[in-house]
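# Results of the structural survey
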Amino acid sequence: TIREEGGLVNLISNHSNPNGKTFFIGIGVLCFAFVCQHSAFIIAASLDKPTKQRWNKVTGSALTTCAVLAVAMGVAGYLGFLDDTDGDVLVNLGRMALTADDATKRASNIAR
């Protein structure tokens, strides 16, 4: 809790040190989140009859599509590497690219 850490100032100063290796990754994630929020208003305004039910249908369809694609990519990545699969599937592409032809190297670099 905040009290156990000695107050809010101590909590922030002890646990909020910026990490140079992940700082710009965090900025990219935040920028992507803001772009998605901005797009949500554009999509909502483009509905013919913008009602809450229609908006729920659009967002539900979008999230379902994203989930299906994520599962499909995960299964394809696992089946491609089977027991050699790391937690981060893109790490496997680095190993494969070392022994692959130019087309495979190019595809693995695009995937990263």
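Residues numbered from 1 in each chain as written. Predicted model: local features only at pLDDT ≥ 70, side-chain atom pairs only at ≥ 80, totals over all residues. Heavy atoms only, no water.

## Some points on the overall build of the protein
From N to C terminus, the protein includes 5 helices and 0 strands. When the 112 residues of the protein are sorted by exposure, 6% land in the buried category. Of all intrachain contacts in the protein linking residues separated by at least 6 positions in sequence, the fraction that spans at least 24 positions is 0%. Accessible surface, the protein: about 9,400 Å² in total, of which carbon and sulfur atoms supply 66%. (Helix = DSSP H or I, 4+ residues; strand = E, 2+ residues; numbered from the N terminus. Buried < 20%, exposed > 50% of the residue type's maximum accessible area, 1.4 Å probe, protein only. Contact = heavy atoms within 4.5 Å. Areas by Shrake-Rupley, 256 points an atom, 1.4 Å probe, with all protein chains shown as cover.)

## Thoughts on helix α3 (residues 52-81)
End to end, α3 covers 43 Å across 30 residues, agreeing with the expected 44 Å (1.5 Å per residue, within 8%). Within two residues after α3, L82 carries a phi angle of roughly 45 degrees, on the positive side. (Expected span 1.5 Å × (residues − 1).)

## Let's talk about a nonpolar patch on the surface
A cluster of nonpolar side chains, namely F23, F24, I27, L30 and F34, defines an oily patch on the protein surface of about 560 Å² accessible area. Structurally, F24 can be placed in helix α2 (residues 23-46). Residue classification places F24 among the exposed positions, given a relative accessible area of 64%. (Patch = residues over 30% accessible without salt bridge, like charges linked within 9 Å, V, L, I, M, F, W, Y side chains within 5 Å. Salt bridge = Lys/Arg side-chain N within 4 Å of Asp/Glu carboxyl O.)

## Some thoughts on the confidence of the model for the protein
In this model, the protein carries a mean pLDDT of 76, and residues with pLDDT of at least 70 account for 71%. α3 holds the highest mean pLDDT among the elements of the protein, 88, whereas helix α4 (residues 89-98) holds the lowest, 60. (pLDDT = per-residue confidence, 0-100.)

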